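Structural description and commentary
Chain by chain, the residues run as shown.
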Amino acid sequence: MAVNSFIQNSNLFSYSGTNCVRNDYFHNSCQICVDICPENAFHIIRNKLTLYENECIECAACMGSCPTEALQLKSFDPNTFVASVAEEEHVSLSCKKNTPCLGVFDQHHLITMALEGELSCDLSHCEGCHLNAEGKVEAFIRSNINKTNLFFEKAGIEYEVSVIEEKEEENERRALFRTAIEKAKESVSDEVALASMTQEHQVSSDSNEPLKYIQLKAVIKKHLSRFSTTKFDTPSDLFFEKTIEFEACTNCGDCIQFCPTDALSATSDKQGILLTAGHCIGCGICDHICKTDAISTKSEYDLVTIVYERTHQLVHYEMVMCHECRCPYPYRGGDPICDRCKDFKDNFTSMFTLAKDL
């Protein structure tokens with residue numbers, strides 16, 4: 001993913017087309033933000049994502065849905081917020097007290113905060129909220145909470161993100177309002193700091209990996225001893241492990257070239273493919289672009305491999321010279337002939353048979 005060079009702004013809200021995974025690869029079909037946006041401000045134009053600035057109300061309900069952090073709010077950065085509450089024993093997220101719509105966070109943020117201290121989410125205001133007219137925003141928030149708790153359950157640790165369903169008493173609302181005003185003043189006075197972490201990471205870091213992934217891995221590594229197991233045997237939308245079928249792979253390198261986070265790389269001799277699963281964001285580009293369907297996502301993964309960013313070899317070939325075209329190709333055994341020449345030999349050699357040989 002490139003540093004922001006194509007940005008659409010709607011006053012406080014911005015969308016970076018160059019950081020969008022859909023725009024990074026034409027055939028990617030990600031449109032989670034399109035589905036969540038309560039104002040239908042996102043549109044797909046020629047298979048590219050576009051923000052209609054005049055329709056955006058800067059609610060930030062879509063921000064947590066973006067896997068590559070292409071959506072940002074100038075007055076609130078979720079990664080900075082997560083870092084700022086790291087030392088607190090209990091954090092309560094509320095759109096009426098300390099955050100925008102809770103859709104600004106995703107599963108990565110929730111797990112990071114919950115591992116550092118008790119975490120609760122106030123959803124008592126979702127019902128009747130104009131942002132939740134069709135129930136999509138609340139469904140997204142609850143889904144993230146449920147997935148977070150499921151992660152903890154599978155990891156065998158007694159953490160749980162609690163949900164506040166009932167509103168505060170009416171006589172407490174004025175105090176909450178005063179608190180919210182103070183928070184807003186702090187936010188405005190320290191706007192640069194609030195907006196800096198994600199933006200600075202995208203501009204100055206050599207890594208194309210979203211900051212929320214980096215934060216999550218750091219916190220899991222810190223608390224790894226509390227996990228009853230680090231091996232997960234079911235599919236996840238948090239971490240991903242890949243596999244490549246030896247017989248099908250042609251070592252063309254397209255999956256490496258189009259990987260937006262450099263999770264895939266070539267071996268030093270260029271005859272194999274390496275995977276750093278800790279960098280994979282599960283965009284599916286490599287699965288789709290592989291012409292022979294050789295690469296796929298495994299259902300299991302190991303947290304130790306993920307958080308310590310261990311690199312392992314998926315496939316490696318001996319490159320030999322094809323005895324027909326004299327070009328190197330990945331050898332899989334048998335006659336030293338590449339797939340292209342073998343296909344031609346099997347299907348078209350009869351066209352060159354002389355009449356005398358018929």
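As shown above, the structure is provided for reference.
Residues numbered from 1 in each chain as written. Predicted model: local features only at pLDDT ≥ 70, side-chain atom pairs only at ≥ 80, totals over all residues. Heavy atoms only, no water.

Moving on to the pairing of strand E17 (residues 328-331). Sheet topology places strand E16 (residues 318-321) next to E17; four bridges connect them, and they run antiparallel. When the sheet's bridge partners are listed, Glu 318 is paired in E17 with Tyr 331. The hairpin turn running from E16 into E17, its antiparallel successor, is six residues long, and Arg 326 in that turn takes a positive phi close to 65°. (Pairing = 2+ DSSP bridges. Helix = DSSP H or I, 4+ residues; strand = E, 2+ residues; numbered from the N terminus.)

The subject of this paragraph is the sheet that holds strand E11 (residues 264-266). Pairing within the open sheet is antiparallel, and its three strands lie in the order E11-E12-E15. The sheet terminates laterally at E11 and strand E15 (311-316), the two strands that pair on one side only. The sheet shows a mean angle of 30° between the axes of neighbouring strands, taken without regard to direction. Summarising the sheet, E11 and strand E12 (residues 272-276) pair through three bridges and their orientation is antiparallel. Looking at E12, one finds that Leu 264 is bridged to Leu 275. (Axes fitted to C-alpha atoms, helices over the stretch in contact; angles between N-to-C directions.)

Where a strand is regular, its side chains alternate between the two sheet faces. Most of E12 sits inside the fold, with four of its five residues counted as buried. Counting the residues in the hairpin turn of E11 and E12 gives five residues, including Lys 270, whose phi is positive at 65°. Sheet topology places E12 next to E15; five bridges connect them, and they run antiparallel. Each residue of the ladder has a partner; that of Ile 273, found in E15, is Val 315. (Buried < 20%, exposed > 50% of the residue type's maximum accessible area, 1.4 Å probe, protein only.)

Now for the layout of surface pockets. Counted as a void, the second largest pocket has a volume near 430 Å³. Forming the boundary of the second largest pocket are 22 residues, of which Ile 32, Ser 65, Pro 67, His 108 and Asp 237 lie nearest the centre. Those elements that provide at least two residues to the lining of the second largest pocket are helix H4 (107-116), helix H5 (136-155) and helix H8 (211-222). Ranked by residues supplied to the lining of the second largest pocket, first place goes to H5 with four residues. Partitioned by chemical class, the residues of the lining of the second largest pocket number 10 nonpolar, eight polar and four charged. (1 Å grid on protein atoms, 1.4 Å probe; cavity = no way out; pocket = protein on both sides within 12 Å on 5 of 7 lines; lining within 4 Å. Points joined across faces, edges and corners; volume = space filled by probe spheres on them. Nonpolar A, V, L, I, M, F, W, Y, C, P; charged D, E, K, R; others polar.)

A separate point is the sheet that holds strand E2 (residues 13-16). The strand order across the open sheet built from three strands is E1-E2-E5, with neighbouring strands paired in antiparallel fashion. Looking at the sheet topology across the chains shown, the edges are occupied by strand E1 (7-10) and strand E5 (71-73). Strand-to-strand twist across the sheet, computed as the mean angle between neighbouring axes with direction ignored, equals 20°. With four bridges joining them, E1 and E2 adopt antiparallel strand pairing.

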